[in-house]
Amino acid sequence: MSLVICSLLWDAARGGKQAVTYDNDGYHLVRFPYTSDQESYDPWKMHDPAHGGGEPSKFPDARSGLIWPSHDGWGVLSALVFWEPDSRPNEYRARFVRDPLGPGYDSTATTDSAPTGGGQYRSYVWQMFVRKGTPLGFKVSARDTGDVKVKTPLMHAQFKLAIHTDVKVP
């Protein structure tokens, strides 16, 4: 079975803190640079600044948060996020989204969790069918009492897609 992979990594130690800006859905689309350093891997050009039309995207614009599947298939999505220390949030949320910037917005695998006594480090995995031409994004949110959105900066993030391209059918 063939497998195509896109693996993105962003780290504040190399690129500065990622400011959190909330979209209309109450989530921040995590952004990733268009480089192959820091363990990023994209031989299929699923994270290409030319995707999405018009002018090429530039990190950290919203399109820099997208992976564009190169093939139809069974996608295994995974993500990792480290939050800056902040005592205000009492809940951390994350979700994978199909077409997060377009009319086909479709969130899936939304997860929420309470803060831990130490650092706020979370990893996520979800599996679903992916389609060439429908971008994917990883979105996060930190919330305080009353569902107030807190702009706690990110320290580290990763977003990965592995597509099984040879899905058998009966």
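Rules and cut-offs
- Residues numbered from 1 in each chain as written.
- Predicted model: local features only at pLDDT ≥ 70, side-chain atom pairs only at ≥ 80, totals over all residues.
- Heavy atoms only, no water.
- Salt bridge = Lys/Arg side-chain N within 4 Å of Asp/Glu carboxyl O.
- Buried < 20%, exposed > 50% of the residue type's maximum accessible area, 1.4 Å probe, protein only.
- 1 Å grid on protein atoms, 1.4 Å probe; cavity = no way out; pocket = protein on both sides within 12 Å on 5 of 7 lines; lining within 4 Å.
- Points joined across faces, edges and corners; volume = space filled by probe spheres on them.
- Nonpolar A, V, L, I, M, F, W, Y, C, P; charged D, E, K, R; others polar.
- Pairing = 2+ DSSP bridges.
- Helix = DSSP H or I, 4+ residues; strand = E, 2+ residues; numbered from the N terminus.
- Axes fitted to C-alpha atoms, helices over the stretch in contact; angles between N-to-C directions.

Draft legend 1. Here's a closer look at the pattern of salt bridges. The tally for this structure, following the rule as stated, stands at 8 salt bridges. The closest approach of N and O atoms between Glu91 and Arg93, which form a salt bridge, is 3.1 Å. Assigned by exposure class, Glu91 and Arg93 land together as buried.

Draft legend 2. Quick look at empty space enclosed by the protein. Evaluation of the coordinates by the stated rule reveals 1 cavity of 30 Å³ or more. By volume, the largest cavity amounts to about 30 Å³. Tyr34, His47, Asp48, His51, Arg63, Leu66 and Trp68 are the residues that line the largest cavity. Along the lines of polarity and charge, the residues of the lining of the largest cavity split into 3 nonpolar, 2 polar and 2 charged.

Draft legend 3. Molecular detail of the sheet that holds strand 4 (residues 73–83). One open sheet accounts for 4 strands, arranged 1-10-4-7; its pairing is antiparallel. At either margin of the open sheet sits one strand with a lone partner, and together these are strand 1 (3–11) and strand 7 (121–130). Averaged over all adjacent pairs, the angle separating strand axes in this sheet is 10°, with direction ignored. Sheet topology note: the strand 4/strand 7 ladder contains 10 bridges and is antiparallel. Residue pairing in the sheet places Leu77 in a bridge with Trp126 of strand 7.

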